[in-house]
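Coordinate analysis (summary)
Take a look at the letters that make up each chain.
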Amino acid sequence: MDISEAIAGRRAVRDYTSEPVDEATLRALIADAVQAPSAINEQPWIFTVVRDQALLDRVSVKAKALMLAATPAAALPGHAHAHAMLDDPHFQIFYHAPVLVLISATAPGPFVTEDCTLAAENLMLAAYGKGLGSCWIGLAQGYLDTPDGKAAFGLPAGCQPVAPIILGHPKSVAPPVARKAPEIHWVG
Ligand SMILES: Cc1cc2nc3c(=O)[nH]c(=O)nc-3n(C[C@H](O)[C@H](O)[C@H](O)COP(=O)(O)O)c2cc1C
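Residues numbered from 1 in each chain as written. Predicted model: local features only at pLDDT ≥ 70, side-chain atom pairs only at ≥ 80, totals over all residues. Heavy atoms only, no water.

1. Comments concerning the nonpolar core
Grouped together as the largest cluster of nonpolar side chains are 25 residues, with contacts concentrated most on Ile-103, Leu-123 and Leu-167. Put simply, the parts of the chain that give this core at least two residues each are helix H2 (23-33), strand E1 (45-50), strand E2 (99-105), helix H5 (112-129) and strand E4 (160-168). Here the element with the most residues in this core is H5; it accounts for eight residues. Excluding residues that lie within four positions of it along the chain, Leu-167 makes contacts with Tyr-16, Val-21, Leu-26, Leu-29, Ala-97, Pro-98, Val-99, Val-101, Leu-123, Ala-127, Gly-133 and Ser-134. Membership of the second largest hydrophobic core comes to 22 residues, among which are Ile-93, Ala-97, Ile-137 and Cys-159. (Core = buried A, V, L, I, M, F, W, Y, C linked by side-chain atoms within 4.5 Å. Buried < 20%, exposed > 50% of the residue type's maximum accessible area, 1.4 Å probe, protein only. Helix = DSSP H or I, 4+ residues; strand = E, 2+ residues; numbered from the N terminus. Contact = heavy atoms within 4.5 Å.)

Shown next, in the form of structure tokens:
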């Protein structure tokens, strides 16, 4: 697949079949993720692969509760709609995807967020190239960055969770999402 085709075709997928993603595929996606550039080639990432649906359910409940408790309704993106969604016991923030890959920084550092984010984009594009869907789940981040959240996924205390990415076989084709025209300043 042409790289521009992959970049334009990847979508945030929020509707998955229950078909698992096999281990060889997950390993191949992570191999693509680690081809990302990183500051002074530190490669400061660790990948946590979570397929335990009961665990994802528990983490979803805790992440929603933390967000609702910590964030005034007006500060949530999408405000009233987002608040109602988080309050809905049927809403699972991972959309019941068969697997979550959490990319964390092994230790804090000035560029580790950028490094892990670049690995995440590689992972999502590579997933698309293999016919899989993906979506970054920012709603999980607040909870995953607590001692309780790190313990839930067996992360060492010094790790910094950066990119929770769900993966799976899309149930339907996600519709195109418009982009704003880029603001470009030409200097010289
Ligand atoms: C940092 C970040 C956090 C995100 N968090 C969520 C999330 O918690 N739940 C969700 O459904 N989508 C989440 N998304 C997906 C975005 O909503 C999606 O990428 C955006 O609407 C553009 O759509 P596209 O990815 O299909 O182009 C997140 C994306 C990013 C980059």
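2. What to know about the side chain of Asp-115
For Asp-115, the position within the fold is in helix H5. Comment: no salt bridge for buried Asp-115; closest opposite-charge side chain is Lys-150, at 17 Å. Sequence-distant contacts of Asp-115, defined by excluding residues within four places in its chain, comprise Pro-37, Ser-38, Ala-39, Pro-44 and Trp-45. (Lys, Arg positive; Asp, Glu negative; His and termini not counted. Salt bridge = Lys/Arg side-chain N within 4 Å of Asp/Glu carboxyl O.)

3. Some words on H5
Helix length check: H5 (18 residues) gives 26 Å between terminal C-alpha atoms against 26 Å at 1.5 Å per residue, within 8%. Within the span of H5, buried status applies to Val-112, Asp-115, Cys-116, Ala-119, Ala-120, Leu-123, Met-124, Leu-125, Ala-126 and Ala-127. Tucked into the core, H5 has its buried residues touching helix H1 (3-9), H2, E1, E2, strand E3 (133-136) and E4. Looking at the residues trailing H5, positive phi occurs at Gly-131, about 80°. (Expected span 1.5 Å × (residues − 1).)

4. Things to note about the site of the ligand
Near the ligand you find Arg-10, Arg-11, Ala-12, Arg-14, Tyr-95, Cys-135, Trp-136, Ile-137, Gly-138, Leu-139, Val-177 and Arg-179, and these make up its full shell. In the environment of the ligand, a nitrogen atom lies 3.1 Å from a nitrogen or oxygen atom belonging to the backbone of Trp-136. Relative to its unbound accessible area of 620 Å², the ligand is 64% covered by the protein chains. Taken together, the residues of the shell around the ligand sort by class into seven nonpolar, one polar and four charged. (Near = heavy atom within 4 Å. Polar contact = N/O pair within 3.5 Å; in protein donor to acceptor, adjacent residues only side chain to side chain. Areas by Shrake-Rupley, 256 points an atom, 1.4 Å probe, with all protein chains shown as cover. Nonpolar A, V, L, I, M, F, W, Y, C, P; charged D, E, K, R; others polar.)

5. Focus: the environment of Gly-129
For Gly-129, the location among the structural elements is in helix H5. Taking C-alpha positions, Gly-129 is 9.6 Å from Ile-7, a pair spaced 122 residues apart along the chain.

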